[in-house]
Every structure is written in structure tokens, then in C-alpha cells.
Amino acid sequence: MAKPSSRILVINDEQLELREFVKGLNAAARTLDNPLGISFLGATTVKEGLEIIESDGNLQAVLVDDTLYKVGNNSKKTLQMSALELVQRITRLRPELDVYIVIAQEKEDDVVDALFTEAVDGYFYREERDYRGIYRILNAQIQERAR
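A quick note: this is a predicted structure, and the numbers were derived from the prediction, not measured. (Residues numbered from 1 in each chain as written. Predicted model: local features only at pLDDT ≥ 70, side-chain atom pairs only at ≥ 80, totals over all residues. Heavy atoms only, no water.)

Novice: Would you explain the sheet that holds strand β7 (residues 122-125) in this entry?
Specialist: What links the strands of a sheet is backbone hydrogen bonding, and the strands pair in either a parallel or an antiparallel sense. Spatially, the five strands line up as an open sheet ordered β2-β1-β3-β6-β7, and their pairing is parallel. Both outer strands of the open sheet, β2 (38-43) and β7, are each paired with one neighbouring strand and no more. Strand-to-strand twist in this sheet, taken as the mean axis angle between neighbours without regard to direction, amounts to 25°. Two elements, strand β1 (residues 6-11) and β2, share six bridges in a ladder whose sense is parallel. Across the sheet, the residue bridging to Ser-6 is Ile-38, located in β2. (Pairing = 2+ DSSP bridges. Helix = DSSP H or I, 4+ residues; strand = E, 2+ residues; numbered from the N terminus. Axes fitted to C-alpha atoms, helices over the stretch in contact; angles between N-to-C directions.)

Novice: Can you walk me through the pattern of salt bridges in this structure?
Specialist: Opposite charge on two side chains permits them to pair, given that their charged atoms come into close proximity. This structure, assessed with the given rule, holds nine salt bridges. One salt bridge connects Arg-126 with Glu-17, and the closest N-O pair in it is separated by 4.0 Å. Note that Arg-126 is positioned in the loop between β7 and α5 (131-146) and Glu-17 in helix α1 (residues 15-31), a separation of 109 residues in sequence. For Glu-17, a relative accessible area of 22% gives the class partly exposed. (Salt bridge = Lys/Arg side-chain N within 4 Å of Asp/Glu carboxyl O. Buried < 20%, exposed > 50% of the residue type's maximum accessible area, 1.4 Å probe, protein only.)

Novice: Any chance you could explain the packing of α1 against α5 here in plain terms?
Specialist: Here α1 crosses α5 at 65°, and the two axes come no closer than 8 Å. If you check the angle between α1 and α5, you find them roughly perpendicular. Crossing of α1 over α5 shows right-handed handedness. From α1, Glu-20, Phe-21, Gly-24, Leu-25, Ala-28, Ala-29 and Thr-31 reach across to α5, where they touch Tyr-131, Arg-132, Ile-134 and Tyr-135. Residue classes in the contact of α1 with α5 are distributed as seven nonpolar, two polar and two charged. (Parallel < 35°, antiparallel > 145°, perpendicular 65-115°, else oblique. Left-handed = near helix turned anticlockwise from the far one by under 90°. Contact = heavy atoms within 4.5 Å. Nonpolar A, V, L, I, M, F, W, Y, C, P; charged D, E, K, R; others polar.)

Novice: Would you take a moment to explain α1 for this structure?
Specialist: Within an α-helix, residues lying three or four positions from one another point in the same direction, as the helix has 3.6 residues per turn. Look at α1: 24 Å from first C-alpha to last across 17 residues, which is about the 24 Å you get at 1.5 Å a residue. Among the residues of α1, those classed as buried are Leu-18, Phe-21, Val-22, Gly-24, Leu-25, Asn-26, Ala-28 and Ala-29. (Expected span 1.5 Å × (residues − 1).)

Novice: What's the story with the side chain of Asn-139 in this structure? I'm lost.
Specialist: Tracing the sequence through the fold places Asn-139 in helix α5. What makes Asn-139 buried here is its relative accessible area of 7%. Discounting residues that sit within four places of it in the chain, Asn-139 has contacts with Asp-33, Pro-35 and Ile-38.

Novice: I would appreciate a short explanation of the environment of Arg-132 in the present structure.
Specialist: Within the element layout of this structure, Arg-132 appears in helix α5. In this structure the C-alpha to C-alpha distance between Arg-132 and Gly-24, which are 108 residues apart in sequence, comes to 8.0 Å. The contacts of Arg-132, once residues within four sequence positions are left out, are Ala-28, Thr-31 and Leu-32. Within the local environment of Arg-132, its side chain forms a polar contact with the side chain of Thr-31, the two groups lying 3.2 Å apart. (Polar contact = N/O pair within 3.5 Å; in protein donor to acceptor, adjacent residues only side chain to side chain.)

Nothing here speaks to function; it is geometry throughout.
Set out below in C-alpha cells:
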């Protein structure tokens, strides 16, 4: 029997941070128990993320950074879409996906209060780089759903 393939999408507009996050999570997936074949991929824009969500049937979960910006005119950063709007679009598109938010620890109260009225399954702190811990939580959640 072929090993299952499960993917988790990370949406973060900071390219270096995204690359480090995806690389760390994939390293954890390779070194820890991974019966569902979990791998991670990244998207730097809301548009790219939503395209992947629509087209990838093996996608099981999404990690969304709570601040998604794009560089506009004169190198000014403007908000692409609020995390709240993105979570709502994801749940309309694919309600079966687990959605997690990556937040700054100092903004925890504001973000958690706003987002947990939506279909958010959990959150991780941006400052913590415990990729093995994050992977274990996501792996357990996906295995639970698979049962």
C-alpha cells in the first residue's frame, strides 16, 4: 500500500521567515514519526495561498501569519488581507481544513479574541521556533481526524 501524502500550507509574506519556517517543519517531519507523509509548503501572498488551497486535494491544514503585507508604491507596506478575512475565505472554500494562526506573543489577547470566534483550531507564537513541537501538534491533529 502506498504511503499517504498530506500537505500543510504556511502563508507568510516575509520570504526569509517563510523559508526558515517551512525548512524547519520539513526537517521535523523527516526526523519524527510521520505515518501520514506530512510535508510543508509555503506561499508569500494571499492569492498564491488561496490558489493552492483550491487546487491541492492533499492539503490538510493551513498556518496563517496574522499580519500579511504586500509592498506597494514607494516601498510602503499595505495589508494584503486581514487574518480574519483570510480565515473566513479558507473556511468557505475548504471547511474541512484545520486553520492555525501564527501570532506575536505580545498581541495574543487581541488576535485570539478576534479569531477564535471564527473556525480557528489553534495558534503558535511567531517568536518560538520549536518546529518539532509544532509538527507534533499538527501531526496529532491530522491523525485524530484520519481516525
